[in-house]
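Each chain, written out:
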Amino acid sequence: MSNSSPTKYIDIQHVEQTFKTKKGLFPALKDINLTVAKGEFVTLIGHSGCGKSTLLNLIAGLTTPSHGVLLCADREIAGPGPERAVVFQNHSLLPWLTCFENVYLAVERVFAATESKAQLKARTESALALVGLTAAAQKRPGEISGGMKQRVGIARALSMEPKVLLMDEPFGALDALTRAKLQDELLEIVAATQATVVMVTHDVDEAVLLSDKIVMLTNGPAATIGEVLTVELPRPRKRVALADDAQYQQYRKAVIDFLYTRQAHVEKVA
Ligand SMILES: Nc1ncnc2c1ncn2[C@@H]1O[C@H](COP(=O)(O)OP(=O)(O)OP(=O)(O)O)[C@@H](O)[C@H]1O
Ligand SMILES: [Mg+2]
């Protein structure tokens, strides 16, 4: 029986990650302590190279920490699992498969043992519908735009009905308008599915718009959590209204201040 605390759905304790490199050991992350509540939307923000992807990969179970422990629903994260679906920046679709087939593959992996082909097909169709891609279902990745490819990646992740959605700069490669549209869609999907989300971003406005909690990482090596900002803007959030909202501006300023004043990127001189 699990008596997992809903406020510590993901529980990261004293995590450290050190990489072996040609020049010796490189300490990427040090003493990371973080909890994510069920249904919470958490973003990780920090300068390039500080260790955001390293931390996300640890939660995904794609790597294991050098020290410390990561738990999800009271179980140690010991490898990747369908309850923690990942959306990568480069959408990583199989180019020879249609959008439908790319999503179907994930659905099959999770549900084939317990469900009929018709049910798998229905799951795939509803995931594509959720991201507005019903009309493009039979197209291949080479025939659709970057924003659409990213939507397929999100549909694929959501189709597995993950408990946790992990996203590594999912909108990083998109133009500002497409990015805004997908952010709005993501807000709606998360509201509808009550998913727990951990998302990496570089973008201050994206972080404030989407997050319940913004986790700000210090610069590496041995990066750690510098500050956690709780964003208490009511939901649903509307970007146009928020643009002149004083509270929104304060959150934005707090993140900018952390990133560009306290953690300003220092050029290393050899
Ligand atoms: N497998 C690895 N072996 C050695 N060093 C690594 C490895 N993976 C990451 N690093 C180093 O760890 C640090 C953190 O990398 P990471 O990719 O997590 O940064 P990031 O915050 O995601 O950066 P970006 O915003 O540019 O994506 C970097 O200095 C990187 O060079
Ligand atoms: Mg990264």
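Since the structure is predicted, the reported quantities are computational estimates derived from the model, not experimental observations.

What counts, and at which threshold
- Residues numbered from 1 in each chain as written.
- Chains lettered and ligands numbered in written order.
- Predicted model: local features only at pLDDT ≥ 70, side-chain atom pairs only at ≥ 80, totals over all residues.
- Heavy atoms only, no water.
- Near = heavy atom within 4 Å.
- Polar contact = N/O pair within 3.5 Å; in protein donor to acceptor, adjacent residues only side chain to side chain.
- Areas by Shrake-Rupley, 256 points an atom, 1.4 Å probe, with all protein chains shown as cover.
- Domains from an automatic or database assignment.
- Buried area = accessible area lost by both parts, 1.4 Å probe.
- Salt bridge = Lys/Arg side-chain N within 4 Å of Asp/Glu carboxyl O.
- Phe/Tyr/Trp six-rings, centres within 6.5 Å; stacked < 30°, edge-to-face > 60°.
- Helix = DSSP H or I, 4+ residues; strand = E, 2+ residues; numbered from the N terminus.
- Buried < 20%, exposed > 50% of the residue type's maximum accessible area, 1.4 Å probe, protein only.
- Lys NZ or Arg CZ within 6 Å of the ring centre and 35° of its normal.
- Expected span 1.5 Å × (residues − 1).
- Contact = heavy atoms within 4.5 Å.

(A) Broad picture of the site of ligand 1. Taken together, 14 residues lie near ligand 1, and Ser-48, Gly-49, Lys-52, Ser-53 and Thr-54 sit nearest. Ser-48 places a side-chain nitrogen or oxygen 2.6 Å from an oxygen atom of ligand 1. A distance of 2.7 Å separates an oxygen atom of ligand 1 from a polar atom in the backbone of Gly-49. Protein contacts shield 61% of the accessible area of ligand 1, which totals 630 Å² for the unbound molecule.

(B) The arrangement of the domain arrangement of the protein chain in detail. According to the domain assignment, the protein chain consists of domain 1 (1-83 + 164-170 + 196-264) and domain 2 (84-161). Computed from C-alpha atoms alone, the centre-to-centre distance between domain 1 and domain 2 is 26 Å. Both faces combined, the contact of domain 1 with domain 2 buries some 1200 Å², and carbon together with sulfur accounts for 56% of it. Among the residues domain 1 hides against domain 2, the three largest losses belong to Pro-82, Leu-165 and Pro-170. Together they make up 35% of the total. Put simply, domain 1 and domain 2 have one salt bridge between them.

(C) Main features of the packing of aromatic side chains. What the rule picks out here adds up to one aromatic pair. Seen in terms of ring centroids, Phe-100 and Tyr-104 are 5.8 Å apart; in terms of plane orientation they differ by 20°. Their pairing is stacked. Of this pair, Phe-100 and Tyr-104 both sit in helix α2 (residues 99-111), four residues apart, which is roughly one turn of that helix. Residue classification places Tyr-104 among the buried positions, given a relative accessible area of 15%. Directly above the aromatic system of Phe-111 lies the positively charged group of Arg-123, at a separation of 3.6 Å from the ring centroid.

(D) The arrangement of α2 in detail. Compared with the 18 Å implied by 1.5 Å per residue over 13 residues, the 18 Å span of α2 between its first and last C-alpha is a close match. Residues of α2 that are buried: Cys-99, Phe-100, Asn-102, Val-103, Tyr-104, Ala-106, Val-107 and Phe-111. Those residues of α2 that are buried are in contact with α3 (117-130) and α4 (146-159).

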